[in-house]
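Observations on chain architecture
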Amino acid sequence: MTHEAFHELLRSLRVWGTELPAFEPGSAPAEPLALFHRWFAEAAAAGQPEPHTMTLATVDEDGRPDLRTLMLHDADARGWHFASHATSVKGRQLAARPDAALGFYWPAQGRQIRVRGRVATGTPEDAYADLHARSTGALAAALVGHQSEVLGSHAELLSASDAAWERANTEPEAMADTWTVYVLEPSEVEFFQGDARRRHVRLRYRREGDSWQRELLWP
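Below, the structure is looked at part by part.

Parameters and conventions
- Residues numbered from 1 in each chain as written.
- Predicted model: local features only at pLDDT ≥ 70, side-chain atom pairs only at ≥ 80, totals over all residues.
- Heavy atoms only, no water.
- Helix = DSSP H or I, 4+ residues; strand = E, 2+ residues; numbered from the N terminus.
- Expected span 1.5 Å × (residues − 1).
- Buried < 20%, exposed > 50% of the residue type's maximum accessible area, 1.4 Å probe, protein only.
- Arc of directions from axis to C-beta.
- Phe/Tyr/Trp six-rings, centres within 6.5 Å; stacked < 30°, edge-to-face > 60°.
- Polar contact = N/O pair within 3.5 Å; in protein donor to acceptor, adjacent residues only side chain to side chain.
- Contact = heavy atoms within 4.5 Å.
- 1 Å grid on protein atoms, 1.4 Å probe; cavity = no way out; pocket = protein on both sides within 12 Å on 5 of 7 lines; lining within 4 Å.
- Points joined across faces, edges and corners; volume = space filled by probe spheres on them.
- Nonpolar A, V, L, I, M, F, W, Y, C, P; charged D, E, K, R; others polar.
- Pairing = 2+ DSSP bridges.

1. Focus: helix α2 (residues 32-45)
Along its 14 residues, α2 runs 20 Å from first to last C-alpha, staying within 8% of the 20 Å computed at 1.5 Å per residue. Buried within α2 are the following residues: Pro32, Leu33, Leu35, Phe36, Trp39 and Ala43. Along the long axis of α2, the arc covered by the buried residues comes to 155°, so they all point the same way. Gly47 occupies a position one or two residues after α2 and carries a positive phi of about 85°.

2. Remarks on the packing of aromatic side chains
By the definition in use, this model includes 12 aromatic pairs. Arranged with centres 5.5 Å apart and planes meeting at 20°, the rings of Phe82 and Tyr182 form a pair that is stacked. Of this pair, Phe82 sits in strand β4 (residues 80-85) while Tyr182 sits in strand β7 (residues 179-193), and the two are 100 residues apart along the sequence. The pair formed by Phe82 and Tyr182 is uniform in burial state, with each residue classed as buried. Three or more aromatic residues link up through ring pairs in this structure, and these residues are Phe23, Trp39, Phe191, Tyr205 and Trp212.

3. Quick word on the side chain of Glu190
Structurally, Glu190 can be placed in strand β7. You can call Glu190 buried: its relative accessible area is 4%. Within the local environment of Glu190, its side chain forms a polar contact with the side chain of Arg114, the two groups lying 2.6 Å apart. Reaching out from Glu190, the side chain makes a polar contact with the side chain of Arg202 at a distance of 2.6 Å. Aside from chain neighbours lying at most four places away, what touches Glu190 is Gln112, Ile113, Arg114, Arg202, Leu203, Arg204 and Leu217.

4. Digging into the layout of surface pockets
In this model, the largest pocket occupies a volume close to 290 Å³. In this structure, the largest pocket is lined by 18 residues; those nearest its centre are Ala83, Ser84, Arg134, Gln147 and Trp179. Here the residues of the lining of the largest pocket are counted per class, giving eight nonpolar, seven polar and three charged. By volume, the second largest pocket is sized at about 220 Å³. Taken together, the elements giving at least two residues each to the lining of the second largest pocket come down to α5 (136-144) and α6 (154-170). A per-element tally of the lining of the second largest pocket places α6 first, with three residues.

5. Points about the pairing of strand β9 (residues 211-217)
Remark: a regular strand shows side chains that alternate across the two faces of the sheet. Here seven bridges tie strand β8 (residues 201-208) to β9, and the two strands are oriented antiparallel to one another. Looking across to β9, one finds that Leu203 is bridged to Leu216. The loop that links β8 with its antiparallel partner β9 comprises two residues; one of these, Gly209, has a positive phi angle of about 70°.

Spelled out as structure tokens, the structure:
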């Protein structure tokens, strides 16, 4: 594809080719979690594919930003939960610099949510419960391990995966020692509602002590 063709394709794409819901920020709850739960349920009801996927941004040892897409495991009064190996790139980055951000994008409703805060780790019991509440495939993937390490060949991955699947089926209570639950404890949560005329609504919650302050932002 030539650059001209790419540029033409890029400019031809529509954004939010559907009727967008209204959002009245004055009626928003006092805390962000309730609004997140509501928007999440509405995204799922609207047919948004995989609304539980999110982008996690971290910082490496040189201060450079890094990001990846992963799945949300829970959102409760403590914060937004996800899990990974402590030995993975993100695990090592969070151990060194636990400040992080999450991003959700739900184009079916023209909505996005940004969450910023400090990340804490759960207990080994949390990790065990998290891993064994999921599918056999998830357990097998965790048992493979070596996340983010250099892979010698695809055949090596297939062999390790087959062995992990067999173990997951014969030892369903097996545990991946480095599997870790992380909780992003929010200090700031922003809700963005897109508007066809670009009059986007942005509502930000900022934690101040034990309470939340709400403020509107210019688009």
